[in-house]
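Breakdown of the fold
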Amino acid sequence: MTDSKYFTTTKKGEIFELKAELNSDKKEKKKEAVKKVIASMTVGKDVSALFPDVVNCMQTDNLELKKLVYLYLMNYAKSQPDMAIMAVNTFVKDCEDPNPLIRALAVRTMGCIRVDKITEYLCEPLRKCLKDEDPYVRKTAAVCVAKLHDINAQLVEDQGFLDTLKDLISDSNPMVVANAVAALSEIAESHPSSNLLDLNPQSINKLLTALNECTEWGQIFILDCLANYTPKDDREAQSICERVTPRLSHANSAVVLSAVKVLMKFMEMLSKDLDYYGTLLKKLAPPLVTLLSAEPELQYVALRNINLIVQKRPEILKHEMKVFFVKYNDPIYVKLEKLDIMIRLASQANIAQVLAELKEYATEVDVDFVRKAVRAIGRCAIKVEQSAERCVSTLLDLIQTKVNYVVQEAIVVIKDIFRKYPNKYESVIATLCENLDSLDEPEARAAMIWIVGEYAERIDNADELLESFLEGFHDESTQVQLQLLTGIVKLFLKKPTETQELVQQVLSLATQDSDNPDLRDRGYIYWRLLSTDPVAAKEVVLAEKPLISEETDLIEPTLLDELICYIGTLASVYHKPPSAFVEGGRGVVHKSLPPRTASSESAESPETAPAGAPPGEQPDVIPAQGDLLGDLLNLDLGPPVSGPPLTTSSVQMGAVDLLGGGLDSLIGGTNFVAPPTAAVPASLGAPIGSGLSDLFDLTSGVGTLSGSYVAPKAVWLPAMKAKGLEISGTFTRQVGSISMDLQLTNKALQVMTDFAIQFNRNSFGLAPAAPLQVHAPLSPNQTVEISLPLSTVGSVMKMEPLNNLQVAVKNNIDVFYFSTLYPLHILFVEDGKMDRQMFLATWKDIPNENEAQFQIRDCPLNAEAASSKLQSSNIFTVAKRNVEGQDMLYQSLKLTNGIWVLAELRIQPGNPSCTVRAPAPTLRPWSLPFVPCQGVVLVEDAVQASLQAWLEPESVRSLKRTFLESFHIHPVRLPR
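It should be emphasised that the depicted structure is a prediction, and the values quoted were computed from it without experimental measurement. (Residues numbered from 1 in each chain as written. Predicted model: local features only at pLDDT ≥ 70, side-chain atom pairs only at ≥ 80, totals over all residues. Heavy atoms only, no water.)

That bond from Glu800 to Pro801 is cis: its omega, 0°, falls within 30 degrees of zero. Tracing the sequence through the fold places Pro801 in the loop between strand S7 (783-791) and strand S8 (804-810). A positive phi angle, near 65°, is found at Asn781, a position not held by glycine. You can see Asn781 is positioned in the loop between strand S6 (767-768) and S7. (Helix = DSSP H or I, 4+ residues; strand = E, 2+ residues; numbered from the N terminus.)

In this section: the pairing of strand S3 (residues 725-734). The two faces of a sheet get side chains in turn, since along a regular strand they alternate between them. Counting buried positions along S3 gives nine out of 10 residues, so the element sits mostly inside the fold. Direction of pairing for strand S2 (residues 714-717) relative to S3: antiparallel, over a ladder of three bridges. Residue pairing in the sheet places Leu717 in a bridge with Ile727 of S3. Pairing between S3 and strand S4 (residues 737-746): 10 bridges, direction antiparallel. Bridge pairing in S4 places Arg733 opposite Ile738. In this antiparallel pair of consecutive strands, S3 and S4, the connection spans two residues, and Val735 shows a positive phi of 50°. (Buried < 20%, exposed > 50% of the residue type's maximum accessible area, 1.4 Å probe, protein only. Pairing = 2+ DSSP bridges.)

The next subject is the sheet that holds strand S9 (residues 815-821). Sheet strands associate in pairs through backbone hydrogen bonding, adopting either a parallel or an antiparallel arrangement. Reading across the sheet, the three strands line up as S5-S8-S9 and stay open at both edges, with antiparallel pairing between neighbours. The open sheet has two edge strands, strand S5 (756-759) and S9, and neither has a second partner. Across the sheet, the axes of successive neighbouring strands diverge by a mean angle of 25°, strand direction being ignored. As paired strands, S5 and S8 are joined by four bridges and run antiparallel to one another. Each bridged residue has a counterpart across the sheet, and for Ile757 the counterpart in S8 is Val809. (Axes fitted to C-alpha atoms, helices over the stretch in contact; angles between N-to-C directions.)

On to the packing of helix H21 (residues 351-361) against helix H23 (residues 388-400). Running from amino to carboxyl end, H21 crosses H23 at an angle of 10°, the nearest separation of the two axes being 11 Å. Considering their axes alone, H21 and H23 lie roughly parallel with respect to each other. Across the interface between the two elements, Ala352, Leu355 and Lys359 of H21 pack against Arg390, Cys391, Thr394 and Asp397 of H23. Split into classes, the residues belonging to the contact of H21 with H23 amount to three nonpolar, one polar and three charged. (Parallel < 35°, antiparallel > 145°, perpendicular 65-115°, else oblique. Contact = heavy atoms within 4.5 Å. Nonpolar A, V, L, I, M, F, W, Y, C, P; charged D, E, K, R; others polar.)

What follows concerns the packing of aromatic side chains. This structure, assessed with the given rule, holds 10 aromatic pairs. Residues Phe418 and Tyr455 carry aromatic rings whose centres are separated by 5.4 Å and whose planes lie at 75° to one another, so their mutual orientation is edge-to-face. Here Tyr455 lies in the loop between helix H26 (442-454) and helix H27 (462-470) and Phe418 lies in helix H24 (residues 404-420), a separation of 37 residues in the sequence. Between Trp450 and Tyr455 the ring centres are 6.2 Å apart and the planes differ by 85°, which places this aromatic pair in the edge-to-face class. (Phe/Tyr/Trp six-rings, centres within 6.5 Å; stacked < 30°, edge-to-face > 60°.)

What follows is the structure in structure tokens.
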């Protein structure tokens, strides 16, 4: 009789009857009752009311009954924690049972009962089982430690179970070793910072010895552990590879892939000149080929892993092209993956074979597969130059079949071939134009329009062809509309007299009748270019195009290296790192291939300065001012070196408009009105984004009472220019400290680590005062906020504009460069309030003819509010008076380099505008230390005058110095 009878009872009072049977004196009846309880539990009935009665059945010698009771316990202990304590004594007793199966069963169940209340009672039984004489009990106890660590990690550490677990790696039984490795690996993954698996050559030797004797799953655990080890040299790597290689012939595909992972990782450390390296390549091919004879699902997993292996080391399978030929009964997902690998393995030696196969696939009935096959022919042409002519001929044959989707795919790939081999295969354009009417897919139509526009001079009726597309312009997809706009503009630039009406029509459609912002913006750009400078338009639109690359779908090298470390896991199937699809940080360990040793191929590494060289002894190389990028490329991206403030500079600064902007820079340029008599500098440049209106909180931003105005964060480095890293930021000054507040966002598919930052030399010596601290790896789609303290003791070099800051940021992917403008008010120091008598004497000394006035509109503040706002940014009101109903504020500020700036702010109560009056500087030495400036933020004239003073003859400098010292002001002296 089968066990189905336990699932069929429908009696009333079933729980009561089961309770009576569980308390029966007859062992058989009791066992039957427990089976009924387990059956009810399996189908979802709540039988937790029977908990005490089932627990009473634990006191039995019958192994089958004990297993059933333990199964019940594992299911209901969490909902009945108080009752579960009743079972503790039985567990303790069973852990000392003479039968090792019962001891193992007890310790396994203990690990599965996730109740905090009883875990501490189970420590002693677990300790005994870890040192049990029977290996079956020890291997079960090893796994139990990992489960207990998941429940209460601190308890496991306090009880010393981790040390016991490490000792089990040296156990004489291979299965105990495998389970100990599995448990330690599990714990280490959930706590990446802990160094539990401290592998050394001795422990590795023990693992390799156990590898030959344990079960297949034990072998996988050990191989995965070996993959996390980095050998000390290439000799040790070769030794490990030799002992792992026999696993390639294992029947279990998971063991094979784990062995491949270890070998692929350790091959990084082997020199390609070694005979063993070539032998290993030959040994890796057969097991990978064998995996392709398994079920389709396993084939797919194997193919996804082989795709990674072929990208890393194509030489492994370069002679095995035939095994990737598609079979008629392969599922579509296997077919597409095989096709992808075929392209990766295509070379001059096998291209004829591949093309014949691809042409055959193009006649299949599966539309998606045919499209992929046609596209693959184009990829072959781009990859293997010698085959391009044969590929084009094959594509033309396919176009002659007149099968719609084949023709359209062929046109798309021929466009790419034209890009790769310009002026070589354009003779086929006539054939392509014959199929114009059959194109109905956006990508194919866009490709055909690109071809017509690009080679309009070779097509007599190009205008008619493009005009035919223009008739249904608004019904086309955005992709086609954009391409049509560009194509007609190209045609106009090549044949202006014949197509003027056509270009006006398309520009009108794009700019006036379209609501697509991309299309409209491109239309306006073309219209402006054509109407203002046709020559420039020709240079832009008809510029020489870069050749397209061979492989556009290769995985990024750093990501590929990480995925090689995850061969045989889900990451290798998704082709994404675990952090991209595992929620949270638990269980995600970022891995990378080991570095090459000195005897293997040396990887390129940046030159570094000798570690022992004192900072002061390093030569100060000054690049040409135009060579700013070169200067950034030579930056040492290590932590900034702290040292005493620099008192000299080896850069001379001339008399120039240092900021390249007038007072309009202060207020964004939109609300600025200059009187006709105002003297505006002739060398106005790009405006700065932070100014007087910002200090008044008139624009959007973050105003603080405890510090100066803080502008909102702006994107300094977009993700598309930094391989997925987006950097936004702003500058702040709080309580005398300057900071760069950064926001780093990872928009790539791989984890970013090892961040560092460095500044180029700049006008005010801004430099990082501490390393860039990103405490955890930056996962994909993660954002981190960092405040980087800055100092003003760095090297000085005149920048254009003055507040330009060039920055280099390094991470594990690359070094990225960007520049930004910092607001000058972060340089205003807290002791910038000048003595009133000194202010008056200096102000009067400047001639009236040098005076300039500027207006700031929409400033609704009264004199007290304006003074308070400005003081929060270290712009101090020295004196105040009222003249003819106007409030006059006389203000001073001081920069970090010791330069003073004076200004007058005139406010008319009830008038939303205020006037800034500032005499322009003179070069008379007695006025230089306190030269007023145009406005509160813009200090270029004062700085310019002071720098001019430093560069004047010694006699003049001496006179100035005498005057400055009389006021106890000591400017920095720069060498000639």
